[in-house]
Amino acid sequence: MRARTPFKTFRVVALILVVLSLLAPLAWMVAASLKTNVDIYNPDKALLFTPTWDNYATVLKQANYVQFIANSLWVAFAATALSILIGVPAAYSMSRFSMRRSALVVLMARVIPAVSLLVPWYYVFSNLHMVGGFTVLILSHMFVSLPLIVYIMMGYFDGLPLELEESGLVDGLTPIGAFRRITLPLSTPGIATAGILSFIFSWNNFMFALVLSSADTKTLPVAIFDFVGYASIDWGGLMAASTVVTLPIMLVALFAQKYVVSGLTAGATKG
Amino acid sequence: MLRQSVIGTSLAVAAALGLSACGGGDAQSAGSKTVRVTLANHVWTENIKKALPEFEKKTGLKVEITQLGEDQLSDQYNVKLNAGSSDIDVMMYRPLQEGKLFAKNKYLADVTDKVKANKDWDWSDFKSGPVQATTYEDKVVGVPLITEQEVLYYRKDLLKKAGYTNPPKTLDELKSMAAKIKQENPGVAGFVARTGKSPAVTQFSSFLYSFGGDFVDESGKSAVGSPEAKQAYAFYGSLIKDLGPANVSTDMGWPEAMAIFTQGKAAFYTEANSLYKNATDPAKSKVSGTVGFAPFPEGPAGSKPYSIPSWALGVNDASENQANAWKFIEWATSKAQTLENEKAGVPGGRTSVAADPAATATYPKDLVEANAIMANNGVGHDRPLVVKVAEAREIVGQPIVDAITGKDATASADTANQKFQTFLDDENK
Amino acid sequence: MSATTTTTARTTESLTTSTSTPGWARWANQHRKWLFAAPAMVFVALLIVFPVAWTVYLSLTDAEGSVRAESSFIGFANYLDVLSDTERFWPAVLRTVVFTSGVLLVEVVLGMAIALLLWRPFKGEKWVRVAVLLPLVATPVAVGMMWRLIFDPNIGMANRVLGWFGLGPWPWLAGEHSALPTTMFIDIWQWTPMVVLILLAGLTSLSDEPQEAALIDGATAWQRFRHVTLPLLMPTVLVAVLLRGIDALKTFDILYATKGKGGGSFHEVETLNVYAYGLSFDYNEYGVSSAVLIIFFLIIIGSMWALTSRRKDVA
């Protein structure tokens, strides 16, 4: 499709504005992480300041961030993988068979405010001696990821024409076979998107980890709060820690980027 | 292709989960060699962590520390202690904020016998006010860790510039000096302090007492509607409204208020003395070289700042490791350790250490003097002494915020008085 | 994934499937509807039954202080108290409605616009997409801290920027009436990318034929959008609205990180979720907070029901 020139210019300008407004605050955060606390409070030093690595030194020295990064990665990955495993087939079924009410049951998990889950879950899991381990963290994160994946994939499957599977059936595939060999490969962009979002939510989840993790399994968002102290509020350290938290997942986004792109371009040329 | 790799990975994950379930997780048996300690973010905690290896070597115990910010600590305690968890052995808590609640709910173990057992450790060395705060119905439930009073921070340079040689002795002097300095220095506020409905209550309390008021009277009835209280509310509110920063936020806790002072944007600041390092550390404060400290100024009823134990250590009643938990507490609050902490800027709960000149060698001289004066006339509480402290703070803090925003503080004090009385009746039912 | 290769694969398979489908496979195919859906549903049901049941139970008692302490059954008294509370409860409801509908409207419209901008391939699109992902990726709690600093009336960047345009300093998060809109702005900044992602995935699943047909018929870009793209995209739009809507109703992290417990001294940003949290963890009034949570829960379900029955008509 040929883009006409005025539209093209408009598009470029619009995109630049969008990108700027999305990135500027984050750039500010990174800049703040490189300033001393005195400089942070001084608006005159907004753009011209002497950078310092001290904040990062504090962050990395004060706590074992490598461990927290690994914990966050593991929990997010496991929760996402498992949620995809049981979520995608469920979404397929709910879409093809219009199981609206059942879909609501799954979505119910997303509806419940975390506040009402904290004490009962802690009660049950501590009686089962599971608190502090990875299992309980992964389970609680799955609780959040699963409805997300189911709902996104339901929408996706709804938009996928039935004819493709039907022609597979005509060719002798079983319904499950048609699902495996036709529907699934075509759903890759949707799964990738749902998976990425689920990973992100899991990564950033704060409340569950706060309550259910132990010193060994602590995840990054909880670690951030270590800097908000009673006798000092180390803004520089907090911004550095925030950057440290965001960096790994930025890399994930960059990597997953390719996946989403290939999925999307495949979709654009199909038919 | 995606499907197969997803299946493969998921199976691997599921298998690993089965294994990890056996791994991490609490598998603590009674009298275990690991003591699990939950601490708040504080300079005190930093010092203890450094000294930890010495304890571990001496006793052969291993200490596992969980360190959290204040609010998160509260949330954790709420969830875990509510569920009766044995996850925590030693906990750092605020005697005046959650002390009564925890004691009432039997979260804190009774350590009365333990504190009396060791003569060398010397329970009688602890300051009496804090000891009162960690005792519930004649049973000792905690050991005071950190004590603080409200002190006046001020800018020596601004005072000098305005022609004053000494900091204000009375609250009225404070007001006039702040007004003059504000006039002479556009862009600089005369006075700053906490403004948040709940955070401000503790710093406001010194004003309240110095005007001759209190949260409750001798018979336990609400006293926030008394003439003295109304005067105090109006005074505090007007100080901030008229002499405070422009566009002041009504949510300021100490981080925000401290920031304004350390950025050089205010001349006077009333705050807890345990936070002083934020103002004197050149890395944190723009005005670090010119900060002075003075005792809390006198009101009509004298100078009556609060003098309270802000944090204490207690043993979780549901812990299965109480003997070792106590060993940790004994060490952390020993004379030697308290001295070390005091030297590092964290005033503790022991009178002997407080009197030791070595302890305060690194403190600013005027701060040491101010502290000494205030130790004699301090009031032992800085908030209503009830079980549901959070709710109470909001009730008695409302007139503060109303005064700051120019609403009718008198009417607000009357409403607060009614509400607080209802609250007290409800609690005493 | 061209048509020819799949056909070849299929023909090879068809020779084997028809004659040798084992009994269990036949059973699996017949029951696939529930076989596929069951694991997810069972998982969810197991983890919510106990908490919901306990919350309902607590809401009918006067539990406070400690969940394990003695408490007595008081029937619907908590509900009556809550529903007649015009000081904290109903304002919280109002704020929740304002916040949610406000951010949802802006995020969907803006998200749709940005998704359309990103739809067709262009140079540098990879980097734009990464930029779009970043706010989404940043930890909400850290984002809240960041904005708190930026919006500080005295030392923050926001008022400096306003100063460049000659506009007076605004209180932003500190103002009694400006706090809620400011937090809405932060939410929009962070979550519009999620709407963009969902809509983009939906857009790329649309086939080109209807678009091309409309183009041949001489439709303008707006007409194509309004009459071709949008109707086809409706299922995806509703998914985005549903997901984002529920999250917006439950927004907590940003509000907590910027205004702390209680939603500020005048409860400026106290939505239902913040209120329930405060009741539980500040006041330890478990009976009352459970009642608030159940009511909140019913509100959310009600909105969901309304939205999903809409979905049926459109799909």
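Just so you know, the residues in each chain are numbered from 1, in the order the chain's sequence is written. Working convention: letters from A go to chains and numbers from 1 go to ligands, in the order in which they are written. The predicted origin of the model limits local features to residues at a pLDDT of at least 70 and limits the giving and counting of side-chain atom pairs to 80 or more, whereas totals for whole chains, interfaces and linings rest on all residues. Calculated side-chain values reflect all of the structure's heavy atoms, with hydrogen atoms and water omitted.

We now examine the overall build of chain B. Working definition: helices are DSSP H or I runs of at least four residues, strands are E runs of at least two. Numbering for both runs from the N terminus. When you go through chain B residue by residue, the secondary structure sums to 18 helices and ten strands. Here chain B has a C-alpha radius of gyration of 24 Å; the compact-globule value for 429 residues is 22 Å, and the two agree. With the C-alpha coordinates of chain B rotated into their principal frame, the extents come out at 70 × 65 × 50 Å. Among the 429 residues that make up chain B, the fraction classed as buried is 59%. In this description, contact between two residues means that some pair of their heavy atoms is separated by no more than 4.5 Å. Sequence-distant contacts in chain B: of pairs separated by 6 or more residues, those separated by 24 or more amount to 76%. In these tables, accessible area is a Shrake-Rupley quantity obtained with a 1.4 Å probe, and a residue counts as shielded only by the protein chains included in the view. In the form shown here, chain B has an accessible surface area of approximately 16300 Å², with 53% of it arising from carbon and sulfur atoms. Separation between the mean location of the 47 positive side-chain charges and that of the 51 negative ones in chain B comes to 4 Å. For the radius of gyration, the atoms used are the C-alpha atoms, and the globule rule reads 2.2 Å times the number of residues raised to 0.38. Burial here depends on accessible area, computed with a 1.4 Å probe over protein chains only, as a share of the maximum for the residue type. Under 20% is buried, over 50% is exposed, and the range in between is partly exposed. In this tally Asp and Glu are treated as negative and Lys and Arg as positive; neither His nor the chain ends contributes. Think of each charge as sitting on NZ of Lys, CZ of Arg, CG of Asp or CD of Glu.

For chain A, the helix and strand inventory stands at 13 helices and zero strands. Listing every helix and strand of chain A by position from the N terminus yields α-α-α-α-α-α-α-α-α-α-α-α-α. Taking all 271 residues of chain A together, the buried fraction comes to 65%. A separation threshold of at least 6 residues defines the contact pool for chain A, and within that pool the share at least 24 residues apart is 73%.

This paragraph deals with the domain arrangement of chain B. When the parts come together, some accessible area is lost, and that loss is often what is quoted as the size of the interface. All names here are of chain B. Split into domains, chain B comes out as domain 1 (33-148 + 308-360) and domain 2 (150-307 + 384-427). Boundaries of every domain are those given by an automatic assignment or by a domain database. Between the C-alpha centres of domain 1 and domain 2 the distance comes to 29 Å. With nine residues of domain 1 at the contact, the number on the domain 2 side is 13 residues. A 1.4 Å probe defines the accessible area here, and the buried area is the portion of it lost by two parts on being joined, summed over both. For the pair domain 1 and domain 2, the two sides together bury roughly 1100 Å², of which 55% comes from carbon and sulfur. Throughout this description, a polar contact denotes any pair of N or O atoms lying within 3.5 Å of each other; where both atoms belong to protein, one of them has to be capable of donating a hydrogen while the other can accept it, and for residues adjacent in sequence the pair is counted only when both atoms sit in side chains. Taken together, the links from domain 1 to domain 2 amount to four residue pairs in polar contact (both at pLDDT 80 or more). Among the elements that take part in the side of domain 1 that touches domain 2, helix H4 (residues 95-104) stands out by supplying five residues, more than any other. Here the residues of the side of domain 1 that touches domain 2 sort into four nonpolar, two polar and three charged. In this classification, Asp, Glu, Lys and Arg are treated as charged, Ala, Val, Leu, Ile, Met, Phe, Trp, Tyr, Cys and Pro as nonpolar, and every other residue, Gly included, as polar.

The next point concerns the interface of chain B and chain C. Listed per partner, the contact involves 35 residues of chain B and 31 residues of chain C. Contact between chain B and chain C buries roughly 2400 Å² in total, counting both sides, with carbon and sulfur atoms accounting for 41%. Per-residue buried area on chain B facing chain C is highest for Asn82, Asn247 and Asp251 of chain B; these three make up 21% of the total on that side. For this document, the term salt bridge refers to a Lys or Arg side-chain nitrogen within 4 Å of an Asp or Glu carboxyl oxygen. Counting across the interface, chain B meets chain C through six salt bridges. Of the charged contacts, one joins Lys419 of chain B and Glu87 of chain C as a salt bridge, the two residues approaching to 3.3 Å between their closest N and O atoms. Here chain B and chain C share nine residue pairs in polar contact (both at pLDDT 80 or more) between them. When contributions to the side of chain B that touches chain C are tallied by element, the ones reaching two or more residues are helix H3 (70-82), helix H11 (254-262) and helix H17 (389-404) of chain B.

It is worth spelling out the nonpolar core at this point. Here the nonpolar core consists of buried residues drawn from Ala, Val, Leu, Ile, Met, Phe, Trp, Tyr and Cys, with membership extended through side-chain atoms lying within 4.5 Å. Judged by nonpolar contacts, the single largest core of 245 residues is most densely connected at Met94 of chain A together with Trp44, Met92, Leu313 and Phe328 of chain B. Looking at which element gives the most residues to this core, the answer is helix H7 (residues 134-159) of chain A, with 16 residues. Setting aside its immediate chain neighbours within four residues, Phe328 of chain B contacts Val35, Val37, Ile48, Leu52, Phe55, Val63, Val90 and Leu313 of chain B. Leu159, Ala189, Ile260 and Ala279 of chain B belong to the second largest nonpolar core, which has 74 residues in total.

Residue and element names in this part refer to chain B. The buried fraction of strand E8 (residues 266-272) amounts to seven of the seven residues, a majority that puts the element mostly inside the structure. Of the pairings in the sheet, the one linking strand E7 (residues 189-192) to E8 comprises three bridges and is parallel in character. Looking at the pairing, Val192 lines up with Tyr269 of E8. Two strands are said to pair when DSSP picks up at least two bridges between them.

So, on to empty space enclosed by the protein. Only protein atoms enter the 1 Å grid used here, on which a cavity is any set of points holding a 1.4 Å probe that cannot leave and a pocket is any open set flanked by protein within 12 Å on both sides along at least five of seven lines; residues with an atom within 4 Å of a point are listed as lining. Grid points are joined across faces, edges and corners, and a volume is the space filled by probe spheres set on the points. By the definition in use, this model includes 14 cavities of 30 Å³ or more. As a volume, the second largest cavity reaches approximately 580 Å³. Around the second largest cavity, the lining is made up of 25 residues, and of these Phe201 and Asn205 of chain A together with Asp247, Lys250 and Asp253 of chain C lie nearest the centre. Those elements that provide at least two residues to the lining of the second largest cavity are helix H5 (100-111), H7, helix H10 (188-204) and helix H11 (207-212) of chain A together with helix H9 (179-205), helix H11 (221-249) and helix H12 (253-259) of chain C. For the lining of the second largest cavity, the residue count by class is 15 nonpolar, four polar and six charged.

This brings us to helix H13 (residues 322-332) of chain B. Structural remark: α-helix, 3.6 residues per turn; residues separated by three or four positions point the same way. For H13 of chain B, a buried count of eight out of eleven residues is recorded, marking the element as mostly surrounded by other parts of the structure. Asn324, Ala325, Trp326, Phe328, Ile329, Glu330, Trp331 and Ala332 of chain B are the residues of H13 of chain B that are buried.

Low-confidence regions, as indicated by low pLDDT, have predicted coordinates that should not be scrutinised in detail. Residue and element names in this part refer to chain A. pLDDT runs from 0 to 100 and stands for how confident the predictor is about each residue. Considering every residue of chain A, the mean pLDDT works out to 78; 86% of them sit at 70 or more. No element of chain A has a lower mean pLDDT than helix H13 (residues 235-269), at 64, and none a higher one than helix H4 (residues 65-96), at 90. Confidence drops under a pLDDT of 50 for residues 260-271, and excluding neighbours within four residues, the segment shows ten contacts in the predicted structure.

Every contact between the two is made by 102 residues of chain A and, on the other side, 95 residues of chain C. Both faces combined, the contact of chain A with chain C buries some 9600 Å², and carbon together with sulfur accounts for 78% of it. Seen at the junction of chain A and chain C, the total is eight residue pairs in polar contact (both at pLDDT 80 or more). In terms of residue count, the dominant contributor to the side of chain A that touches chain C is H13 of chain A (15 residues). Residue composition of the side of chain A that touches chain C, grouped by class: 77 nonpolar, 15 polar and ten charged.

Another aspect to go through is the environment of Arg110 of chain A. Relative to the elements of secondary structure, Arg110 of chain A occurs in helix H5. The buried category is assigned to Arg110 of chain A, whose relative accessible area is 4%. In this structure the C-alpha to C-alpha distance between Arg110 of chain A and Leu148 of chain A, which are 38 residues apart in sequence, comes to 7.7 Å. Setting aside chain neighbours within four positions, we find Arg110 of chain A in contact with Val144, Pro147, Leu148 and Phe201 of chain A together with Leu243, Ile246, Asp247 and Lys250 of chain C.

Attention now goes to the pattern of salt bridges. Taken as a whole, this structure holds 25 salt bridges over all chains when the rule is applied. A single salt-bridge network, built from bridges that share partners, covers Arg36, Lys80, Asp87 and Asp89 of chain B.

Before going further, it helps to spend a moment on the packing of aromatic side chains. Within 6.5 Å between ring centres, the rings of Phe, Tyr and Trp (the latter by its six-membered ring) count as paired, and their orientation is classed by plane angle as stacked under 30 degrees, edge-to-face over 60, tilted in between. Under the criterion given, the structure shown has 46 aromatic pairs over all chains. With a centroid separation of 6.1 Å and an interplanar angle of 80 degrees, the aromatic rings of Tyr153 of chain B and Phe261 of chain B are classed as edge-to-face. Here Tyr153 of chain B, found in strand E6 (residues 143-155), pairs with Phe261 of chain B, found in helix H11; they are 108 residues apart in sequence, far enough to count as distant. Residue Tyr153 of chain B is classed as buried on the basis of its relative accessible area of 0%. Both rings, one in Phe89 of chain C and one in Trp90 of chain C, keep their centres 5.1 Å apart while their planes meet at 75 degrees; by these two values the pair is edge-to-face. The class of Phe89 of chain C is buried, set by a relative accessible area of 1%. On the accessibility criterion, Trp90 of chain C (40% relative accessible area) is partly exposed. Site record: aromatic cluster; members linked through ring pairs are Phe204, Phe207, Phe211, Tyr233, Phe235, Tyr236 and Phe296 of chain B. Charges are assigned to positions over rings by a cutoff of 6 Å between ring centre and Lys NZ or Arg CZ, combined with an angular limit of 35 degrees from the ring normal. In this arrangement the basic side chain of Lys180 of chain B is found over the ring face of Tyr164 of chain B, its NZ or CZ atom lying 5.4 Å from the centre.

Here we come to the environment of Glu70 of chain B. Structurally, the position occupied by Glu70 of chain B is in helix H3. Judged by its relative accessible area of 22%, Glu70 of chain B is partly exposed.

Residue and element names in this part refer to chain C. There is a patch of nonpolar side chains on the surface, built from Val161, Trp164, Phe165, Leu167 and Trp170 and spanning about 590 Å² of accessible area. Relative to the helices and strands, Trp164 is located in helix H8 (residues 157-164). A relative accessible area of 60% places Trp164 in the exposed class. Patch criteria: residues need more than 30% relative accessible area and no salt bridge. Like-charged residues are merged within 9 Å; nonpolar side chains of Val, Leu, Ile, Met, Phe, Trp and Tyr are merged within 5 Å.

A word on the packing of H17 of chain B against helix H18 (residues 409-427) of chain B. Residue and element names in this part refer to chain B. Lines fitted to C-alpha atoms define the axes, with helix axes restricted to the stretch in contact, and inter-axis angles between N-to-C directions lie between 0 and 180 degrees. Remark: H17 packs on H18, axes separated minimally by 8 Å, with the N-to-C direction vectors making an angle of 175 degrees. When the interaxial angle is binned, H17 and H18 end up roughly antiparallel. In this structure, H17 uses Glu391, Ala392, Ile395, Val396, Gln398, Pro399, Asp402 and Ala403 to contact H18, whose residues at the interface are Ala409, Ser412, Ala413, Ala416, Lys419, Phe420 and Phe423. Relative orientations are named as follows: roughly parallel for angles under 35 degrees, roughly antiparallel for angles over 145 degrees, roughly perpendicular for angles from 65 to 115 degrees, and oblique for any other angle.

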